[in-house]
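Structural overview
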Amino acid sequence: MKRNEFRVRPRAAPSSLIGAGFVAPALLLLVAMNLFPLIFNIYLSFTNADLSGGPVKMVGGHNYTVLFNEARYANALTVTGLFVLVSVSVELVLGFVLAMAMRDRVPGKAVILTVLLIPMMLCPVVLSLFWNLILNGNYGILNQLLALVHLPQPQWLTDDDLKLVSILFVDIWMWTPFMMLISLAGLNSIPSYIYEAAEIDRAGRWMVFRSITLPMCAPLLGLAVLLRATDALKQFDLVMAITGPNDASTQTLSARIYQVVFRDYKVGLGSAYGVVILVAVIAVATIFVRYIEMLGRRQGKAEA
Amino acid sequence: MPTKPIVTFAIVAGAACSLLFVLGCRQKEQPSEPASGSSTAATAPAPKKLLTIWWAQWAPADGLQELANDFGRTENVEVKVHQIPWASFQDQVFQEFGKNQTAFDIVVGDSQWLGRGATKGLYVDLTSWLPSAVDLKTLHPVALKYLAEYPTGSEHYYGAPAETDAMGWAYRKDWFEDPAEKAAFKKAFNRELSVPQTWDELKVVAEFFTRPDKKRYGDVLITGRGYDDIVMGFEQVLYAFGGAWSAPKTLKVQGTLDSPDAVRALDFFKSLLKYSPPGGSKLGYGEALEPFVNDSTAMLMNYFAFFPDLAKKMSGKVGFFAMPKEGDRRFASLGGQGFSISNKTSSPQQDLAKKFIAWFLQSDTQKQWVRKPGGFTANAEILKSDAFRKATPYNAAFAESMDIAQDFWNVPAYNELIAASAQQLGEALDGKKSSKDALTQMASEHEKILQQATP
Amino acid sequence: MRAVRTVLVVWFLLVATLPLAWLALTSVKTYQDTISAHAKFVPWSGPLESNPSGADSVRFAATLDAYRNLSKPVAGTPNDFYHYLGNSIVIGVLSTLAAVCLGTICAYGFSRFRIPGSKDWLFFILSTRFLPPLAVVVPVLVMYRWFALENTHLGLVLLYTSFNLSLAVWLMKGFVDEIPRAFEEAALVDGYSVLHTFFRIIVPQASTGMAVTGVFCLISSWNEFGFAMTLNNYEAQTVPVYFAGLQGNIEGVPWPRIAAGMMIFVGPIVLFTVLVRRHLLRGVTFGTIKQ
């Protein structure tokens, strides 16, 4: 009998060379397509490059000075921040409420769940182009329905205050199922004996919700919030399809870059914006990874 | 169990083969010649030369392709008109110019692009060639000025008029001729219901037809904020009321763009919005067609290029008229594009391009051009001729409009000027600012952009 | 409580499905009916004359013309809808295959071997997912010009592969981690090579995982818009870009045809969603939450 048959630990880490061989192709592609462009971006942000070519000159920090002093920069930050904040919170609340409603045995639950989950898998651009038809001021079905029940019919696509609302509306429509899915996972992970114990202790409904359900769901919900927030930061498709890239009330950071690079042809300034976003992304990604690690540790402790 | 590895190998092998296939395709997609790969194989023994023209996606481009096939037959050349959606036409063209060799030889560019094309060396200078290729007197002076010259008035040419266009009005002839409507109008205003000659008349007619409870509205204006829609829509009103983008000689913006006349113009433009269907404060060129086509609106403002299709779709129900006047001032926003030759294509291709443009501008060709869907000519004789004016319901109005056309800035920084204008005008229309504030701020932003502009 | 729950669920179901139902309805209308100021809900197959457009009726004549017209190019466009669909399919499938293969191999490496700095590498892989496409589009554009990759299928495939790799690696790592090491151990002890072990043991067991990962990668490539639009791909345009380009169409936006095209475009997604419904949670959370 060989000694190794009884080992419980895997044998000492095999030659890293083989491992490197497995990992290398993917990493090489990622470095070429992601890391290199970022470095190149940093270089470009110090030049006055133009989209239509022509001689490229180093301009030092000029692009950054322009960027930080632009009204559109602060505007883009505000819009992006507002978008992330509102969309994620509304989706969280709605998704959680929906999950609570779907938690128990509902007839046809599997089917209902699948149907509810479809919107988040669809193409954002294609859907928002179609939402333009629904929200249209002249013949859109939404306003016609509102007229039927004698409610005011706001101009979703033209009223300045409502344009961001329209985009939020479409985003929330698409991603609430995501929050619902994760909330369900969180709710289902709470072992039933805790509820039974609470029942024995005759804890009130609200008490149960506040001190058992919510805290135990919190980690997963936190993860969901982080995931959605990072996605919402990238928001570009909906803006392009519903209002176009240069509308001050909906211009997110990505839309601003598009306007600067492809309409104003200022590649240098666009790259400076890219660098600023990069810094934000690194910060967010770090938070995200720490959070996942913490979750992993918690789960490990819970299982131990 | 033994089948699973086979399946996996099959998938991997399939992926590898597909990759090789795509790589092979890439070879075909990147030919050495500055042309997008021709799908029609040359049947002539000698390889046919290929002339590539880039234009926007619309009916005139189809017309150009048909017309160009005639040229191709006589010269044994293949002409390919490549169409790009309007929304990304500008982006793609200027992005393509960033390469060492453009995929196109000719670009049918907007009049505003001339400045950028000229100063960045993207367009070939046609100053010495154009007068020899065509008798400049046969071209309508307005078309020549705006679609070919940069700087305007300098007689330096970087383009040649291809599609001439201007803004006009379409109206529901059947509503105007309806006896009940005519009677009601006569009773209310004591004159006949007819095509408006002045802006005030237009407002009166628009108000007459506005009946929201019956989902009827008076006018549809061009107010889109995406590109230059709202700027072009407003431009003709601005000039009719005595305003201008800049003073004629000094080119100073402040004092002209924010003058009391200009403020009156913007106020008037805003007042017309009252008679527009809901959502009318943000309608691009294409979107504006919808409230007219779905029988909601009496009058539609738009470029003549859209009218042939409209006439076809609503034949018998629609008529057309040129921009009304204010006092004795009448202006129509210019549209249209001109042929410009790319500097980043080979010399023989540039010569071929010149040959094509010269052929296009001949009177005989222009006579064919106006028969193509959406084809509008710059040839002054044809425009004056009765035959042309009577050929379609909109030709007469178009010919009139060419005499009163007015364009926007065509300097290299035009895009920023347009963006600033669109924003300020938009805010004024949305009621966020008074007309005076919007125009004052727009004027100061224009000044700043013009001063900062680096060629 | 039960009543509230039912109402809530029904309400959400309606909100989720009504826009899609409206999409389906629009795809069988004529153009006039889609932009009519009096919305039309009820399809009927009676003769067209007795239901003139513009009338107040909520009925409309249903027609499959929009679907039939999909094979004709819209006025002013060079190709019909199916050409762009083909592009989407080719680019989607190729990039998915590449991402899944590379991702599985990479995940195996991270899972079974001690890679120096693996935590940092995994962090790097994850962070590529957070990057807005617009932030990198400019250097990518310039790079592609150097290698003549701009405007080609291959260019977009490469890009999508690399952006899907993060999803693929993280998902597959989760799946591979779940495969008990006993089989490999046994095989290695018996003298089989690592590669052999990988192909004969890991891959078959991970095949479900690979299929699930493949579906999510495909959906991600299928729906992508930012890069597809900005990389000037007039040769290899995908469907979302095609639809976006129809917005300013000179004959007015062809709503019925767009709706018909959207139905066909969205169909596979719905199908795939149903197929992987059990793994949806894992897929959309990057493999960080397993159920």
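For every chain, the first residue of its written sequence is number 1, and the numbers climb from 1 along that sequence. Each chain is given a letter, starting from A, and each ligand a number, starting from 1, according to the order in which they appear as written. The predicted nature of this model means local features are confined to residues of pLDDT at least 70 and side-chain atom pairs, given and counted, to a pLDDT of 80 or more, with totals for whole chains, interfaces and linings taken over all residues.

Residue and element names in this part refer to chain B. Residue burial here comes from a neighbour count, namely the number of other C-beta atoms, placed from the backbone, that lie within 10 Å of the residue's own C-beta, with 20 or more meaning buried, 12 or fewer meaning exposed, and in between meaning partly exposed. Helix numbers and strand numbers start at the N terminus; a helix is a DSSP run of H or I with at least 4 residues, a strand a run of E with at least 2. Where burial is concerned, most of strand β1 (residues 49-56) is hidden: seven out of the eight residues are buried. When DSSP finds two or more bridges between a pair of strands, those strands are recorded as paired. Pairing of β1 with strand β2 (residues 77-84), which is carried by eight bridges, proceeds in the parallel orientation. Across the sheet, the residue bridging to Thr52 is Lys80, located in β2. If you view a crossover with the strands going away from you and the path from the first strand over the helix to the second runs clockwise, you call it right-handed. The handedness of the β1 to β2 crossover, carried by helix α2 (residues 59-75), is right-handed. Sheet topology note: the β1/strand β3 (residues 106-110) ladder contains two bridges and is parallel. Bridge assignment links Trp54 to a residue of β3, and that residue is Val107.

Turning to the interface of chain A and chain C, a few remarks are in order. Quoted interface sizes are often the accessible area lost when the parts come together. At the interface, 79 residues of chain A touch 78 residues of chain C. Here the side of chain A that touches chain C is built from residues that sort into 64 nonpolar, 13 polar and two charged. By definition, residues are in contact whenever their C-beta atoms, placed on the basis of the backbone, come within 7 Å of each other. In this classification, Asp, Glu, Lys and Arg are treated as charged, Ala, Val, Leu, Ile, Met, Phe, Trp, Tyr, Cys and Pro as nonpolar, and every other residue, Gly included, as polar.

All names here are of chain B. Start and end points for every domain follow an automatic or database-based domain assignment. Domain assignment breaks chain B into domain 1 (49-165 + 335-406) and domain 2 (167-332 + 411-452). Centre-to-centre separation of domain 1 and domain 2, based on C-alpha positions: 27 Å. Domain 1 puts 23 residues into the contact, and the matching count from domain 2 is 23 residues. Secondary-structure elements contributing two or more residues to the side of domain 1 that touches domain 2 are α2, α4 (114-119), α18 (395-403) and β9 (405-406). At four residues, the largest contribution of residues to the side of domain 1 that touches domain 2 is made by α18.

Residue and element names in this part refer to chain C. Along the polypeptide, Thr208 turns up in helix α9 (residues 194-223). For Thr208, a count of 13 C-beta atoms within 10 Å translates into the label partly exposed. Separated by 77 residues in sequence, Thr208 and Thr285 have C-alpha atoms that sit 18 Å apart.

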